[in-house]
Amino acid sequence: MNVPKHIAIIMDGNGRWAKKRFLPRIAGHIKGAEVLRKTVRFSGELGLEYLTLYAFSEDNWKRPEEEVQGLITILRNFLAENTKEMVQNNVRVNIFGHIEDWPKDIQEALRKICDMSRSNTGIVLNVALNYGGRTEIVDAVKKIAGQVKDGLISVEDINERIVSDAMYTAGIPDPDLLIRTSGEMRISDFLLWQISYTEIFVTKTFWPDFSKKDMLEAIEDYNKRERRFGGILSSGK
Ligand code: FPP
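Summary of the structure given here. Values in this document were obtained by computation on a predicted structure and should not be read as measured data.

1. Observations regarding helix H5 (residues 133–149)
Next, step 1: Its 17 residues place the ends of H5 24 Å apart at the C-alpha level, agreeing with the 24 Å of an ideal helix rising 1.5 Å per residue.
Next, step 2: Of the positions making up H5, those classed as buried are Gly133, Glu136, Asp139, Ala140 and Ile144. Down the axis, H5 shows its buried residues gathered within 130° of arc, on one side only. More than 90 degrees from the buried face of H5, the exposed residues found are Arg134, Val141, Lys142 and Lys149.

Right under this line is the structure:
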């Protein structure tokens, strides 16, 4: 089996998973955080090089205060309980998104996990937290405009590579496969620039039920695809 280099996942369905069990929505997020931890572990074991997870979109602040506070608590506990283990397991962590909107202690914990894992050589785990795909593009445009203003580059120099280097994902290959759980056929403002040729796999499984089996199913499906990047295959197809 050919394991792609980079898989991105939209982790969806925590609320519906909980509702089906007559549990509060937050119970789905708690189970979801546990599944996130397991997914990082088996992804590393499978030999995946990059795993990018959509954990909190900038639009998620619109959820009821109680749910937002619950997610903040889950994130705080997750970092307290998993930072050491992830660093020891050679996981390298990056955060994509505006971390300045999180409470101070969480900002510090996020900086800590990134700094402590900086020289790790195993799987690269990118966690999108307070992330927006359009915001990322706006940030990149500002960065490039600043470079032009400072005379570092000219407008004519701007090309795809310069834009890619201005994204949060600078230096990281684009995802080969995007998985979305719980059946919705939406991109939800995730990695808009990076997924232009990414294969998409949607599973009906709710995120809290996501397992290695679902991941293998997605990879097997991916293996059957012919990636043509807009061209044709050498066989002429
Ligand atoms: C989508 O389910 C999930 C989220 C908005 C958050 C994802 C969170 C986790 C996996 C837990 C770890 C989180 C953090 C912040 C560390 P949903 O609530 O949209 O589900 P629904 O569509 O069924 O309502």
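Structure shown, so let's carry the discussion forward.
2. Describing the environment of Ile179
Next, step 1: Structurally, the position occupied by Ile179 is in strand E5 (residues 177–180).
Next, step 2: On a C-alpha basis, the gap between Ile179 and Phe56 in space is 16 Å, while along the polypeptide they are 123 residues apart.
Next, step 3: Those residues in contact with Ile179 that sit more than four places away from it in its chain are Ile7, Ala8, Ile9, Ile10, Phe201, Thr203, Phe210, Met215 and Ala218.

3. Structural notes on the site of the ligand
Next, step 1: Near the ligand you find 15 residues, and of these Asp12, Gly15, Arg16, Arg25 and Arg63 are the closest.
Next, step 2: Within the side chain of Asp12, a nitrogen or oxygen atom sits 3.0 Å from an oxygen atom of the ligand.
Next, step 3: Asn14 is positioned such that a nitrogen or oxygen atom in its backbone is 3.2 Å from an oxygen atom of the ligand.
Next, step 4: Burial of the ligand by the protein amounts to 92% of the accessible area it has alone, namely 610 Å².
Next, step 5: Counting only elements with at least two residues in the shell around the ligand, the list comes to helix H1 (14–20) and helix H2 (25–46).
Next, step 6: The biggest single contributor to the shell around the ligand is H2, with four residues.
Next, step 7: When its residues are assigned to classes, the shell around the ligand shows five nonpolar, six polar and four charged.

Reading guide: rules and limits
Residues numbered from 1 in each chain as written. Predicted model: local features only at pLDDT ≥ 70, side-chain atom pairs only at ≥ 80, totals over all residues. Heavy atoms only, no water. Helix = DSSP H or I, 4+ residues; strand = E, 2+ residues; numbered from the N terminus. Expected span 1.5 Å × (residues − 1). Buried < 20%, exposed > 50% of the residue type's maximum accessible area, 1.4 Å probe, protein only. Arc of directions from axis to C-beta. Contact = heavy atoms within 4.5 Å. Near = heavy atom within 4 Å. Polar contact = N/O pair within 3.5 Å; in protein donor to acceptor, adjacent residues only side chain to side chain. Areas by Shrake-Rupley, 256 points an atom, 1.4 Å probe, with all protein chains shown as cover. Nonpolar A, V, L, I, M, F, W, Y, C, P; charged D, E, K, R; others polar.

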